[in-house]
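# Coordinates in review
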Amino acid sequence: MAAYRWKSFNDEEEDRPEKPRRYGVTEMRGPHYSLFSRGVLEDVFESVGQFVDGLKFCGGSHTLMPKTYIKEVTDMAHKHNVYVSSGDWADQMLRQDPSAIKEYIEECKRLGFDTIELDVASLGLPEETLLRYVRLIKSGGLRAKPQFSVKFNKSDIAFTGDRAFGAYVIPAPQTTEMVEDVDLLVRRAERCLEAGADIIMINADDLCRQADSLRSDMIAKIVGRLGLEKTMFEASNPKISEWFIKRYGPKVNLFVDHSQVMDLECLRGRNLGQNHSSLLGRSYFLL
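Reading the values: the criteria
- Residues numbered from 1 in each chain as written.
- Predicted model: local features only at pLDDT ≥ 70, side-chain atom pairs only at ≥ 80, totals over all residues.
- Heavy atoms only, no water.
- Helix = DSSP H or I, 4+ residues; strand = E, 2+ residues; numbered from the N terminus.
- Buried < 20%, exposed > 50% of the residue type's maximum accessible area, 1.4 Å probe, protein only.
- Contact = heavy atoms within 4.5 Å.
- Areas by Shrake-Rupley, 256 points an atom, 1.4 Å probe, with all protein chains shown as cover.
- Axes fitted to C-alpha atoms, helices over the stretch in contact; angles between N-to-C directions.
- Parallel < 35°, antiparallel > 145°, perpendicular 65-115°, else oblique.
- Left-handed = near helix turned anticlockwise from the far one by under 90°.
- Nonpolar A, V, L, I, M, F, W, Y, C, P; charged D, E, K, R; others polar.
- Expected span 1.5 Å × (residues − 1).
- Arc of directions from axis to C-beta.
- Phe/Tyr/Trp six-rings, centres within 6.5 Å; stacked < 30°, edge-to-face > 60°.
- Lys NZ or Arg CZ within 6 Å of the ring centre and 35° of its normal.
- pLDDT = per-residue confidence, 0-100.
- Core = buried A, V, L, I, M, F, W, Y, C linked by side-chain atoms within 4.5 Å.

Identification of the protein chain as Phosphosulfolactate synthase-related protein from Nicotiana tabacum is taken from an unreviewed UniProt entry.

Have a look at this one:
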């Protein structure tokens, strides 16, 4: 492990404890648009692995990779005390055959995944089915991480108007119209946590994709209701990471690109002063 003059997780005054951490988690985006070689991943883990808590396969990328390669990557991550998340691998499989969830869980276990992520918007799951999936993942010995977006299909939002007790409500016709409903996001996320989900992933789209259009009111409601420890936000660029650290401190859980890991750790550091702009964009701080 490289020595970092400005960082020691053994110090009681540091921003968060040594791995494995329950808060202040940094999850790193893995192979997506480009294919990482084992050598590149090894370099990342060797240089900044102390600051990486999790590795996430994105875009269903591992469906195109040999299973032997995936197992080598997950073993490498575990060697550095990094958990591995399935990302959205489940989407295509479960859309084609929702009953395949048990086989999917077993396959993830064989390949060395620790966490199964369920993209609620992409899968279009009824709420009770989502909760059943969460329970099955937990009973299979893995961590469950539902991912929510602040936008929902209008036809999925329950009717709340006045009606007689026991009256039949005609199902809303399917539509492509999407509406924002942060209260619905929170309610469904709370039910997932009650069912055993370990953490809730919040999609950046329409919430925190760009710094100049960040929805601080919605983020505050999500954090206030679910708690900082039980939520993880996607930070699509260093400016978003900086906003989260300044607003919620170093204990916020963030999902970032592998190229942003060191910048994020500098932002989390307590002894770097108020202005981190001189650090953004620099790649290495190894001494």
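## Some thoughts on the overall build of the protein chain
Counting its regular elements, the protein chain contains 10 helices and 10 strands. The 287 residues of the protein chain split such that 51% are buried. Long-range pairs, those at least 24 residues apart, make up 73% of the contacts in the protein chain between residues at least 6 apart in sequence. Accessible area for the protein chain stands at about 14100 Å²; split by element, carbon and sulfur atoms hold 50% of it.

## Looking at the packing of helix α7 (residues 182–194) against helix α8 (residues 216–226)
Two numbers describe how α7 lies on α8: the axes approach to 10 Å, and their chain directions differ by 25°. Looking at the two axes, α7 sits roughly parallel to α8. Crossing hand, α7 versus α8: right-handed. Touching V182, D183, L185, V186, R187, A189, E190 and L193 of α7 are M218, K221, I222, R225 and L226, all from α8. Here the contact of α7 with α8 is composed, by residue class, of 8 nonpolar, no polar and 5 charged.

## As for helix α2 (residues 67–79)
The end-to-end C-alpha distance of α2 is 18 Å, a good match for the 18 Å that 13 residues give at a rise of 1.5 Å each. All buried positions along α2 are accounted for by Y69, I70, V73, T74, M76 and A77. Burial along α2 is one-sided: seen end-on, the buried residues are contained in an arc of 160°. Exposed residues pointing more than 90 degrees away from the buried face of α2 are listed as K67, T68 and K79. At its buried positions, α2 is contacted by α1 (38–48), β2 (54–56), β3 (83–85) and α4 (101–111). Backbone geometry just downstream of α2 places N81 in the positive-phi region, at approximately 60°.

## With respect to the packing of aromatic side chains
Across all of its chains, the model carries 5 aromatic pairs by this definition. For the pair W243 and Y248, a centre-to-centre distance of 6.1 Å together with 70° between the ring planes defines the contact as edge-to-face. Aromatic ring contacts, followed pair by pair, group F233, W243, F244 and Y248 into a single cluster. Here the guanidinium or amino end of K56 rests over the ring plane of F255, the centre of that ring lying 4.5 Å away. The ring centre of Y83 lies 5.8 Å from the NZ or CZ of R143, which sits over that ring.

## Section: α1
Residues three or four positions apart in an α-helix share a direction because the helix packs 3.6 residues into each turn. By the burial criterion, the buried members of α1 are L41, V44, F45, S47 and V48. Summarising the contacts, the buried residues of α1 are in contact with β1 (26–29), β2, α2 and α10 (261–268).

## Concerning the confidence of the model for the protein chain
A residue-level look at the protein chain finds 74% of positions with pLDDT of 70 or above and a mean pLDDT of 80. Counting contacts from residues 271–287, a segment whose pLDDT is below 50, to residues more than four positions away or on other chains yields 29 contacts.

## Focus: the nonpolar core
Judged by nonpolar contacts, the single largest core of 72 residues is most densely connected at F45, L118, I222, F233 and L254. Counting 7 residues, the second largest nonpolar core, distinct from the first, contains C58, I199, M201 and F255.

## Re the packing of α4 against helix α6 (residues 127–139)
For any two helices packed against each other, one specifies the crossing angle of their axes together with the interaxial distance. Taken N-terminus to C-terminus, the directions of α4 and α6 make an angle of 35°; their axes are 10 Å apart at the nearest point. The two elements α4 and α6 meet at a crossing, and its hand is right-handed. In this structure, α4 uses I101, K102 and I105 to contact α6, whose residues at the interface are R132, Y133, L136 and I137. The residue makeup of the contact of α4 with α6, split by class, is 5 nonpolar, no polar and 2 charged.

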